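As a plain string of letters, each chain reads:
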Amino acid sequence: ATMQAKMFVVAPAAEGVIGYCEILAEWLNKSQAERVYLPESPFIHNDLIASGRLTIVADVHALGAVYREPCVVFAGHPSLRFGPVLHFLRRWGSNPANALVLADPYWK
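Keep in mind that this is a model prediction, so the values were computed, not measured.

Cut-off values and rules
- Residues numbered from 1 in each chain as written.
- Predicted model: local features only at pLDDT ≥ 70, side-chain atom pairs only at ≥ 80, totals over all residues.
- Heavy atoms only, no water.
- Helix = DSSP H or I, 4+ residues; strand = E, 2+ residues; numbered from the N terminus.
- Buried < 20%, exposed > 50% of the residue type's maximum accessible area, 1.4 Å probe, protein only.
- Contact = heavy atoms within 4.5 Å.
- Phe/Tyr/Trp six-rings, centres within 6.5 Å; stacked < 30°, edge-to-face > 60°.

Tracing the sequence through the fold places His45 in helix 3 (residues 44-51). What makes His45 buried here is its relative accessible area of 12%. Ignoring any residue separated from it by four or fewer positions in sequence, one finds His45 in contact with Ile18, Cys21, Glu22 and Leu54.

So, in structure tokens, the structure goes:
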């Protein structure tokens, strides 16, 4: 059996960004750009959302209702020193099957 970890994107603008992916085809490579005009999405994230493997939330407070482990969390802010995220970090730290991916355009 393969393990299929739940994935979460935690960012206030994530839903809007994913919506733009569907309409900005000029930025895609040729094979994905051609798929924009087909009935299915050129991106895997829509399939992951439909299957329940990917959940997008605006902030960490919304994770409580849908959270489960093991998981991969994509977050947009590197400041993890305070707030409700500390609870999740303590839980993730005890399980190597979990991962936290930080993405921030202002940090290199």
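There is more to say after this.
It is worth spelling out the packing of aromatic side chains at this point. The full count for this structure, using the stated rule, is one aromatic pair. Each ring, one from Phe8 and one from Tyr67, has its centre 6.0 Å from the other, and the planes form 25 degrees; the classification is stacked. Of the two residues, Phe8 sits in strand 1 (residues 6-10) while Tyr67 sits in the loop between helix 4 (63-66) and strand 3 (71-75), which places them 59 residues apart along the sequence. Relative accessible area serves as the criterion here: at 0%, Phe8 is assigned to the buried category.

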